[in-house]
Amino acid sequence: MRVIIQRDYELVSKWAAHYVAQRIAGHPANVPFVMGLPTGSTPLGMYQELIRLNSEGAVSFRNVVTFNMDEYVGIPADDARSYHRFMWDNLFSHIDIKKENVHILDGMAHDLEGECARYEASIRAAGGIDLFVGGVGSDGHIAFNEPGSSLSSRTRIKTLTRDTKKANARFFDGDPDKVPSHALTVGVATITDAREVLILVSGIEKARALAHAVEMGVNHIWTVSCLQLHPKAILVCDEDSTEELRVGTVRYFKEIEADNLENWKSRL
């Protein structure tokens, strides 16, 4: 596991965006680069930087295929609160991605279990995911894999906890009761099947989750901890989110990544 520690959210976003751009650019041109993508406030800075890089010709999404992590059940795709709209408003409408290469779960599907099975099949048909990008909840969940989710779980219907509904209430007039109680989400194993996983962590409210991800044991209560078993996982985080890590842990990761971070800053 790599842990990249940046000063603040802006640098977390820039590092992640440039890493994504580098991975896309380095991929064989005749093979689609398949990505998993998140929603929520954490990736917004990364998306804004990717839009800038795309507009400047530094990266193209013409050969990129995307699969989003999740979608609310019962909210139409054209609703301003849907993750469909979120992705098109905040990324897809501003880059050169092909519409047919975008995949987002349908929370209005008549057969929700069938929709989840179809999604998993689509990922397999695309050759699997090269890079899965995500955020993490304050309780350590990734996608909507709430505490207690099986680490071998696949795309499925998931009941949302009260804490998750509170966290997302800002998109629903500040009222947790307006947040749907269920969502479709990729599973923990869907994420860890990706050849590479990149998780963004920002803010002191995520400090405990980061500590469990890096220093504690693997368990299904803190699903982000599953990344300890992944052969190529990266956590890029800001200083605030390292508040509960041991001083020695922070020093260790800063030391071993020092040259990489210095080289990256010189290219900005």
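Shown above is the structure to which this text applies.
Report on the accompanying structure. What you see is a predicted model, and the numbers here were worked out from it, not measured in a lab. (Residues numbered from 1 in each chain as written. Predicted model: local features only at pLDDT ≥ 70, side-chain atom pairs only at ≥ 80, totals over all residues. Heavy atoms only, no water.)

### Comments concerning the packing of helix α1 (residues 9-25) against helix α2 (residues 44-55)
The description of two helices packed together rests on the angle between their axes and the distance between the axes.
Part 1 of the reasoning: The N-to-C vectors of α1 and α2 enclose an angle of 50 degrees; their axes lie 8 Å apart at closest approach. In terms of orientation, α1 lies oblique with respect to α2. Helix-helix and strand crossings are classified by hand; for α1 and α2 the assignment is right-handed. Every residue of α2 that contacts α1 at Tyr9, Ser13, Lys14, Ala16, Ala17, His18, Val20 and Ala21 is listed here: Leu44, Gly45, Met46, Glu49, Leu50, Arg52 and Leu53. (Axes fitted to C-alpha atoms, helices over the stretch in contact; angles between N-to-C directions. Helix = DSSP H or I, 4+ residues; strand = E, 2+ residues; numbered from the N terminus. Parallel < 35°, antiparallel > 145°, perpendicular 65-115°, else oblique. Left-handed = near helix turned anticlockwise from the far one by under 90°. Contact = heavy atoms within 4.5 Å.)

### A word on the sheet that holds strand β4 (residues 70-72)
Part 1 of the reasoning: Strand order in the open sheet formed by three strands is β4-β8-β7, and the pairing between neighbours is antiparallel. Edge positions in the sheet fall to β4 and β7 (156-159), since each of these pairs with one other strand and no more. Each adjacent strand pair in this sheet contributes to an overall mean axis angle of 30 degrees, direction not counted.
Part 2 of the reasoning: In this structure, β4 lies alongside strand β8 (residues 182-185), joined through three bridges in antiparallel fashion. Directly across from Asp70, in β8, lies its bridge partner Thr185.
Part 3 of the reasoning: In the packing of helix α4 (residues 112-125) onto the sheet, the strands contacted are β7 and β8, and the crossing angle to β7 comes to about 120 degrees. (Pairing = 2+ DSSP bridges.)

### A short note on the pattern of salt bridges
Part 1 of the reasoning: One pass over the structure, following the stated rule, counts 17 salt bridges.
Part 2 of the reasoning: Across the pair Asp130 and Arg195 runs a salt bridge whose closest N-O atoms are separated by 2.9 Å. Of this pair, Asp130 sits in the loop between α4 and β6 (131-134) while Arg195 is found in the loop between α6 (188-192) and β9 (197-201), placing the two residues 65 residues apart along the sequence.
Part 3 of the reasoning: Of the residues examined, Asp130 reaches a relative accessible area of 8% and is grouped as buried. (Salt bridge = Lys/Arg side-chain N within 4 Å of Asp/Glu carboxyl O. Buried < 20%, exposed > 50% of the residue type's maximum accessible area, 1.4 Å probe, protein only.)

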